[in-house]
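Examination of the molecular architecture
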Amino acid sequence: MMRIGHGYDVHRFQEGDHITLGGVRIEHNRSFVAHSDGDVLLHAICDALLGALALGDIGRHFPDTDPRFRGADSRQLLQTVMCMVEARGWQVVNLDSTIQAQAPKMAPHIDAMRSIIAQELRVSEGQVNVKATTTESLGFVGRKEGIAAHAVVLLEQ
Ligand SMILES: Nc1ccn([C@@H]2O[C@H](COP(=O)(O)O)[C@@H](O)[C@H]2O)c(=O)n1
Ligand SMILES: C[C@@]1(CO)OP(=O)(O)OP(=O)(O)OC[C@H]1O
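Residues numbered from 1 in each chain as written. Chains lettered and ligands numbered in written order. Predicted model: local features only at pLDDT ≥ 70, side-chain atom pairs only at ≥ 80, totals over all residues.

1. Structural notes on the overall build of the chain
Tallying secondary structure elements over the chain gives five helices and seven strands in all. When the helices and strands of the chain are read in sequence order from the N terminus, they spell out β-β-β-β-α-α-α-β-α-β-α-β. Scaling as 2.2 N^0.38, a compact globule of 157 residues should have a C-alpha radius of gyration of about 15 Å, and the chain matches this with 15 Å. Projected onto its principal axes, the C-alpha positions of the chain cover 45 × 35 × 25 Å. (Helix = DSSP H or I, 4+ residues; strand = E, 2+ residues; numbered from the N terminus. Rg over C-alpha atoms; globule rule 2.2 N^0.38 Å.)

And the structure:
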């Protein structure tokens, strides 16, 4: 049996000195406004995994009112979600994702993100794709107000 899931997340920028995306620290003159580390890509991946198994979403499992998740490392949230996936007998077939960001440039960091994500999903890097696009200066992403990420995952039992 196979299941597909989709995830989407957005975080707003504030002044800062770095962002964390796909588990990678990227030096930038902004940071994310978030309860956790604001890693929109890992949040979208969590939601895709939860979505595939009809388990709701990241906010249901890790409420932003819970002090345990304040400043949380999103890799740990993904590890918890992967435990739920594996406890139900599922494994990842492949993951595709897209970061929407006017800036910073993601290309130099994509391979590091794929490596971290593959490790957390317990698959090879060849089963993980991370893409990036600007929005041609259109919308909130284009105005550099924040970053969005989409993820799609296929699971098999
Ligand atoms: N934040 C970003 C956005 C895009 N890229 C790379 O540049 C290519 C062209 O971007 P378009 O918005 O014109 O599609 C894109 O395919 C990415 O490879 C990036 O590295 N960082
Ligand atoms: C991850 C959680 C929990 O710390 O908080 P945020 O970092 O604000 O992220 P979001 O994607 O808005 O929602 C999920 C949250 O409950």
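2. Things to note about the environment of Gln14
Residue placement: Gln14 occurs in strand S1 (residues 2-15). Residues Gln14 and Ala34, 20 residues apart in the sequence, show an inter-C-alpha distance of 9.9 Å. Not counting chain neighbours up to four residues away, the residues in contact with Gln14 comprise Arg30, Ser31 and Val33. (Contact = placed C-beta atoms within 7 Å.)

3. Some points on the site of ligand 1
Contacts to ligand 1 come from Ala101, Lys105, Met106, Ala107, Ala132, Thr133 and Thr134. Of the residues assigned to the shell around ligand 1, the class counts are four nonpolar, two polar and one charged. (Near = placed C-beta within 6 Å. Nonpolar A, V, L, I, M, F, W, Y, C, P; charged D, E, K, R; others polar.)

4. What to know about the UniProt feature "site: Transition state stabilizer" (unreviewed entry) in the chain
Following the UniProt record, the feature "site: Transition state stabilizer" (unreviewed entry) maps to His35 and Thr134 here. Considering the C-alpha atoms alone, the annotated residues occupy 100 residues of sequence and remain spread out, their largest mutual distance being 25.1 Å. The exposure class assigned to His35 is partly exposed, which follows from the 16 C-beta atoms found within 10 Å. If we ignore the near neighbours within four places in the chain, the residues touching His35 are Asp64, Phe69 and Arg70. As for its placement among the helices and strands, Thr134 is situated in the loop between strand S6 (128-133) and helix H5 (139-142). For Thr134, a count of 15 C-beta atoms within 10 Å translates into the label partly exposed. (UniProt positions renumbered as here; feature names shortened; annotations may be inferred. Buried ≥ 20, exposed ≤ 12 C-beta atoms within 10 Å, placed from the backbone.)

5. Focus on the site of ligand 2
Taken together, 13 residues lie around ligand 2, and Ala34, His35, Ser36, Asp64 and Phe69 are the ones closest in. Taken together, the residues of the shell around ligand 2 sort by class into six nonpolar, five polar and two charged.

6. Observations regarding helix H4 (residues 110-121)
The terminal C-alpha atoms of H4 lie 16 Å apart, and with 12 residues this matches the ideal 16 Å at 1.5 Å per residue to within 8%. Met113, Arg114, Ile116, Ile117, Glu120 and Leu121 are the residues of H4 that are buried. Down the axis of H4, the sector holding all buried residues measures 165 degrees, keeping them to one side. In this structure, the buried side of H4 is in contact with strand S2 (18-21), strand S3 (24-27), helix H1 (40-52), helix H3 (74-87), strand S5 (91-100) and S6. (Expected span 1.5 Å × (residues − 1). Arc of directions from axis to C-beta.)

7. Notes on the UniProt feature "domain: 2-C-methyl-D-erythritol 2,4-cyclodiphosphate synthase" (unreviewed entry) in the chain
The sites that carry the UniProt feature "domain: 2-C-methyl-D-erythritol 2,4-cyclodiphosphate synthase" (unreviewed entry) are, in the present numbering, residues 2-155. As annotated, residues 2-155 comprises 31% helix and 33% strand, and the C-alpha atoms at either end are separated by 6 Å.

8. As for the sheet that holds S5
Strand pairing in a sheet relies on backbone hydrogen bonds, with the paired strands running either antiparallel or parallel. One open sheet holds the five strands; their spatial order is S4-S1-S7-S5-S6, and the pairing between them is mixed. Each having just a single partner strand, strand S4 (30-32) and S6 make up the two edges of the open sheet. Ignoring strand direction, the axes of neighbouring strands in this sheet form an average angle of 25 degrees. Inspection of the sheet shows S5 paired to strand S7 (residues 146-156) by nine bridges, in the antiparallel sense. Paired with Leu95 across the two strands is Val153, which belongs to S7. On the sheet, H4 packs against S5 and S6 and is oriented at approximately 140 degrees with respect to S6. (Pairing = 2+ DSSP bridges. Axes fitted to C-alpha atoms, helices over the stretch in contact; angles between N-to-C directions.)

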